[in-house]
Amino acid sequence: MKLSINGQARDVDIEPDTPLLWVLRDELKLKGTKYGCGVAQCGACTVLVDGRATRSCVLPVSVVANSEITTIEAIAEDATGKAVVDAWVEHQVPQCGYCQSGQVMAATALLKQNAKPSSEQIATAMTNLCRCGTYNAIESAIADVAGSNKG
């Protein structure tokens, strides 16, 4: 099966019902996308599929064969993604850091869809779970990027 991951064509020999998360982590050794709950609730496994925040732990790889998949490893190559990563560092968002790759992916997708989200729109879009409770820092980082967006 051919996949487009981080702008590169990749061939994988995998069962079509294998979750994308395991293809990324086990087959392609892209370890930045994390396993959290395994039922698409926590968001640690979030990647971008055609620009949309998508939970990869339950997504069969066959569904994304004709899509562009972006993982945390390449997010800073995107201007919005880089701005999010920079804001995460500036606002010292991560504590344990485990969920943060998924949080960054979700925030990037939000800001690419809506460059100036309101607090309510941020809360609605950011459904990833953080055991450390860094939600206020996450919102501040997103608001910072939104405030610096021109347009």
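Residues numbered from 1 in each chain as written. Predicted model: local features only at pLDDT ≥ 70, side-chain atom pairs only at ≥ 80, totals over all residues. Heavy atoms only, no water.

1. Some words on the layout of surface pockets
Condition: Both site types are read off a 1 Å grid over the protein atoms alone. A 1.4 Å probe that fits but cannot get out defines a cavity, while an open set with protein on both sides within 12 Å along at least five of seven lines defines a pocket; lining residues have an atom within 4 Å of a point. Grid points are joined across faces, edges and corners, and a volume is the space filled by probe spheres set on the points. Secondary structure elements follow DSSP: runs of H or I of four or more residues count as helices, runs of E of two or more count as strands, with numbering from the N terminus. Amino acid classes used here: Ala, Val, Leu, Ile, Met, Phe, Trp, Tyr, Cys and Pro are nonpolar; Asp, Glu, Lys and Arg are charged; the rest, including Gly, are polar.
Its volume calculated, the largest pocket comes out at about 220 Å³. Lining the largest pocket are 13 residues, and of these Arg52, Ala53, Ala109, Leu110 and Gln113 lie nearest its centre. Those elements that place two or more of their residues in the lining of the largest pocket are strand 4 (52-55) and helix 3 (100-113). Here the residues of the lining of the largest pocket sort into 5 nonpolar, 6 polar and 2 charged. Here the second largest pocket is characterised by a volume of approximately 160 Å³.

2. Some details on the pattern of salt bridges
The criterion, for reference: By salt bridge we mean one thing: a side-chain nitrogen of Lys or Arg within 4 Å of a carboxyl oxygen of Asp or Glu. The buried label applies to any residue whose accessible area, calculated with a 1.4 Å probe on protein chains only, is under 20% of its type's maximum; exposed applies above 50%, and partly exposed to all values in between.
For the coordinates displayed, the defined rule picks out 3 salt bridges. Between lysine 2 and aspartate 11 there is a salt bridge, and its shortest N-O distance comes to 3.0 Å. Where lysine 82 meets aspartate 86, a salt bridge forms, and the shortest distance between an N and an O atom there is 3.0 Å. Residue lysine 82 and its partner aspartate 86 are both found in helix 2 (residues 79-90); the two are separated by 4 residues, about one turn of the helix. Judged by relative accessible area, lysine 82 falls into the partly exposed class, the value being 41%. Residue class for aspartate 86 comes out partly exposed when judged on its relative accessible area of 39%.

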